[in-house]
Amino acid sequence: MKVQEVGNFFGEERKTGRIDMKLRATGASCLHGHGRIDIEERKLCEDGAVVGVLEICTFITSIGDFKTHKKECSTLIRRVKLLIPLFEEVRDLKLTISEEDLACFNALEAALNNAKILLLLCNTGSKLYLVLEQQEVAKQFLLLAAAFRQALNKPLSLDISDEVREQVDLVRNQFQRSKSLEDPLDAHLNSELLSVLSETHDCSKDKLKGLADMFKFDTARALMKELQALDGMKFYMGLHEGVPSSTWALDGIPINERGFDQLYALLNDLRSLFPSEELEQDGPELKKLQIAQRAGVEKASMQPASPDAGIDKGVLNIPDDFKCPISLDLMRDPVIIATGQTFERLCIQKWLDSGKKTCPKTGLSLPHTHLTPNHVLRSVIAEWCTLYGVEMPKKRAKGSQCSPEDKAAIDELVKKLSSPLSEVQRNAAYDLRLRAKKNVDHRSFIAEQGAIPLLVRLLHSPDQKTQEHSVTALLNLSINESNKGRIMTAGAIEPIVEVLKSGCMDARENAAATLFSLSLVDANKVTIGGSGAIPALVALLYDGTSRGKKDAATALFNLSIFQGNKSRAVQAGVVPPLMKLLEEQPVTMLDEALAILAILATHPDGRSVISAVGPTPIWLKIIQSESPRNKENAASILLALCSYDPEYAKQARETNAAELLTALATSREATNRAKRKATALLDLLKKQGYEDVDRRVEGLNM
């Protein structure tokens, strides 16, 4: 996501007329959402707090297309991505955090908030001003690196997985080695800009055109956008009437008031490069330039438009990032899907309800259909609407939007669930199953009419078809996020597990899928894991149909994310059927099996069982010939086994592991994580005196 054309991207601070966000390595308060909060007053391990930090990280990693300082921005985003698994694991495992670790997390949150603002500055700020203050902006990236370095200075005492700890150590080392990454293009633009500004009054038209080409001001629209960005920076720095100059500040960057005056004068001069009719047609902002030229730049009002400014809604352009990629309308309830893309909730829900399991924008397969509210983007959209006098789209009203006829039909079906006749119950459950599958509004209304407890009760029915229809209806209802809580409250887990154990095959498959859907809520992973569901899922993995095995594997993968469920899965005997799937011909579930094994390999019980039944050649065969993601998981498993089992490492030394790992570590197609795992494994074998490996590692380091 690019967050462009947003003059007020700094939230509530706009109301104070200034920004005071100097970068700092530590601090008890930080910007969060739309106001300042005291992060010492809460524990990061609480769900809301961790979700807040993850939202900041998600927002940071979604910013792109930077105007300047591109190397610093991309490097910072890459490092923030490496920290996301740490926050996810703290959230998933409900870890208790010591005071020392809490101080580290608080400092990290402060640094992340400052990183968000600095990145937004480089994404949405004035390119002219960013180039003019190139060195000062670069200093802020070094200060930010120092903030992260201090926050990560002490190793965490949290009980996190080895993989996550490895990534945190990697980020710490990267920040410790941080240095200025000056972009030659930025330096060249800075030199040319200073040259033009030094001769503003007698600068030739050719020189102005050359500067416009370098800054890509090739249309009147591009010039207007630059003016909007400069307006926004000036306003938020406090350079307007009523704010004393002693308070001017933006992200620790010294304010160059004279530079603003020069840039406005330059923008007025650049107007001469475009036909007057283009300027007249290009909206109110360019008309401000004309007013400024007549009245004098220093006296012209360059404030963002107010709701009363009379903006022509036909001229105002909605930023692309505020539009749903499906409907192209301004989003009212933006949500994030598994691939990280944002859509309007209603649009993406209809897409998923139609049976599609891919991202509409990227075409990638969705590992799950959980929708996460994008609170940050919705806040930015709200601020943009306020700034430009646009009515903020209202969220979809709570409750269902069913027609009166549908409501009457659903109400009748819910009543039939309590019928004394088994056939009536079975048919009613089937009809509700179909309605819940096809229509998002029906899902809400069915639940509101009290169908969920009745469907849960029917899971105990001696009629297997009634069981099947009831559990499948619950599966379809669980797609609605609010219904997940209703299903859990109705005590559905135990009877769903019973259907999973003893129902017909279709019912067992849908019971597994229902458990997966419910486990998307982190708190439910614990409840489901302790209910006896995992052994029943393993049994389905043994004797289920192809679809049943996939449903079981998907549920087991999601449940195993919670640390406490890993040992349960191992004790339930999940490893042998997974190992069998690795060698199954034709290959049907290699991806799923490897993904689960990679998670289990982070647990001592998992490593012990995997090493006993999975010899080294299996992983090397996958590393040699499979997809990049499967190679990554195989390398991760092999590293975990060799790190904790000297005998397993000895097996690796006695095979051609070095050659294959070297190829993986240097492959252009391999994922970055796969390369890191391969290199770490080569280093491990080197330490154990394997001469051939030693030579290969030295070759890699040359």
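Here the structure is a predicted model, which is why all the values come from computation and not from measurement.

To continue, consider the overall build of the protein chain. For the protein chain, the count of helices and strands is 35 helices and five strands. In the protein chain, once contacts between residues fewer than 6 apart in sequence are set aside, the share between residues at least 24 apart is 71%. With the model as given, the accessible surface of the protein chain reaches about 30,500 Å², and the carbon-plus-sulfur share is 50%.

Between helix α22 (residues 505-519) and helix α23 (residues 522-529), the shortest axis-to-axis distance is 7 Å and the interhelical angle comes to 135 degrees. Here α23 runs oblique to α22, going by the angle between their axes. Side by side, α22 and α23 meet where L515, L518 and S519 of the first sit next to D522, N524, K525 and I528 of the second.

What follows concerns helix α19 (residues 464-477). For α19, spanning 14 residues, the distance from its first C-alpha to its last is 20 Å, which sits close to the expected 20 Å at 1.5 Å a residue. With 12 of 14 residues buried, α19 is to be regarded as a mostly interior element. Among the residues making up α19, those that are buried are T466, Q467, E468, H469, S470, V471, T472, A473, L474, L475, N476 and L477. Summarising the contacts, the buried residues of α19 are in contact with α16 (422-438), α17 (440-448), α18 (451-458), α20 (481-489), α21 (493-502) and α22.

Let us now look at the side chain of H603. Assignment of secondary structure puts H603 in the loop between α28 (590-600) and α29 (604-613). If we skip the residues at most four places from it in the chain, H603 touches Q563, K566 and S567.

Running from N to C, helix α2 (residues 70-93) and helix α3 (residues 99-124) cross one another at 145 degrees; their axes reach a closest spacing of 12 Å. Once α2 is placed against α3, the crossing between them reads as left-handed. Contact residues: α2 offers C73, L76, I77, V80, L83, L86, F87 and V90, while α3 offers F105, L108, L112, A115, L119 and C122. Grouping the amino acids of the contact of α2 with α3 by side-chain chemistry returns 14 nonpolar, no polar and no charged.

Overall, the coordinates contain 21 salt bridges when judged by the stated rule. Residue K415 is joined to D411 by a salt bridge in which the shortest nitrogen-to-oxygen separation is 3.6 Å. On the criterion of helical spacing, the pair formed by K415 and D411 is a turn pair, its members being four residues apart in helix α15 (residues 404-416). The exposed category is assigned to K415, whose relative accessible area is 53%.

Attention now moves to the environment of I326. Mapping I326 onto the fold places it in the loop between α12 (284-295) and β3 (334-336). C-alpha of I326 to C-alpha of C347: the two residues are 21 residues apart in sequence and 6.7 Å apart in space. Setting aside residues up to four positions removed in sequence, I326 forms contacts with F343, C347, I348, W351 and P360.

Pairing is antiparallel across the open sheet formed by three strands, whose spatial order is β4-β3-β5. The open sheet terminates on both sides in strands that have one partner only, identified here as β4 (342-344) and β5 (372-373). Sheet topology places β3 next to β5; two bridges connect them, and they run antiparallel. Note on β5: the bridge partner recorded for V335 is P373. Sheet strands in contact with helix α13 (residues 345-353) are β3, β4 and β5, and its direction is about 95 degrees off that of β4.

This paragraph deals with the packing of aromatic side chains. All chains considered together, the criterion is met by three aromatic pairs. With centroids separated by 5.7 Å and ring planes inclined at 75 degrees, the aromatic side chains of F87 and F105 adopt a geometry described as edge-to-face. With F87 in helix α2 and F105 in helix α3, this pair connects stretches of sequence that are 18 residues apart. Take F87 and F105: they sit in the same class, and that class is buried.

Take helix α5 (residues 134-151) next. Helix length check: α5 (18 residues) gives 26 Å between terminal C-alpha atoms against 26 Å at 1.5 Å per residue, within 8%. Looking only at α5, the buried set comprises Q134, V137, A138, Q140, F141, L144, A145, A147, F148 and A151. For α5, the buried positions fall inside an angular range of 165 degrees around the axis, keeping them on one side. Its buried side turned inward, α5 meets α2, α3, α4 (127-132), α6 (162-176) and α7 (184-197).

With that settled, the discussion passes to the confidence of the model for the protein chain. Per-chain confidence: the protein chain averages 78 in pLDDT, with 78% of residues scoring 70 or above. Here strand β1 (residues 29-32) is the element of the protein chain with the lowest mean pLDDT, 30, and α21 is the one with the highest, 95. The model gives residues 1-48 a pLDDT under 50, and that stretch makes 137 contacts with residues more than four places away or in other chains. Low pLDDT (under 50) marks residues 239-251, which in the prediction has 34 contacts with non-local residues, meaning those over four places away or in another chain.

Turning to the side chain of K484, a few remarks are in order. Among the secondary structure elements, K484 is positioned in helix α20. A distance of 2.7 Å separates a polar atom in the side chain of K484 from the backbone oxygen of S478. In contact with K484, other than residues within four places in its own chain, are S478, I479, S517, L518, L520 and V521.

On to unusual backbone geometry, then. Phi is positive for H69, which is not a glycine, with a value near 50 degrees. Inspection of the secondary structure puts H69 in the loop between α1 (47-62) and α2. Positive phi outside glycine occurs at K216, with the angle close to 65 degrees. Residue placement: K216 occurs in the loop between α8 (205-214) and α9 (220-236).

With that settled, the discussion passes to the environment of S643. Position of S643 relative to the elements: it lies in helix α31 (residues 628-644). In this structure the side chain of S643 is engaged in a polar contact, spanning 2.7 Å, whose partner is the backbone oxygen of L639.

What counts and what doesn't
- Residues numbered from 1 in each chain as written.
- Predicted model: local features only at pLDDT ≥ 70, side-chain atom pairs only at ≥ 80, totals over all residues.
- Heavy atoms only, no water.
- Helix = DSSP H or I, 4+ residues; strand = E, 2+ residues; numbered from the N terminus.
- Contact = heavy atoms within 4.5 Å.
- Areas by Shrake-Rupley, 256 points an atom, 1.4 Å probe, with all protein chains shown as cover.
- Axes fitted to C-alpha atoms, helices over the stretch in contact; angles between N-to-C directions.
- Parallel < 35°, antiparallel > 145°, perpendicular 65-115°, else oblique.
- Expected span 1.5 Å × (residues − 1).
- Buried < 20%, exposed > 50% of the residue type's maximum accessible area, 1.4 Å probe, protein only.
- Left-handed = near helix turned anticlockwise from the far one by under 90°.
- Nonpolar A, V, L, I, M, F, W, Y, C, P; charged D, E, K, R; others polar.
- Salt bridge = Lys/Arg side-chain N within 4 Å of Asp/Glu carboxyl O.
- Pairing = 2+ DSSP bridges.
- Phe/Tyr/Trp six-rings, centres within 6.5 Å; stacked < 30°, edge-to-face > 60°.
- Arc of directions from axis to C-beta.
- pLDDT = per-residue confidence, 0-100.
- Polar contact = N/O pair within 3.5 Å; in protein donor to acceptor, adjacent residues only side chain to side chain.

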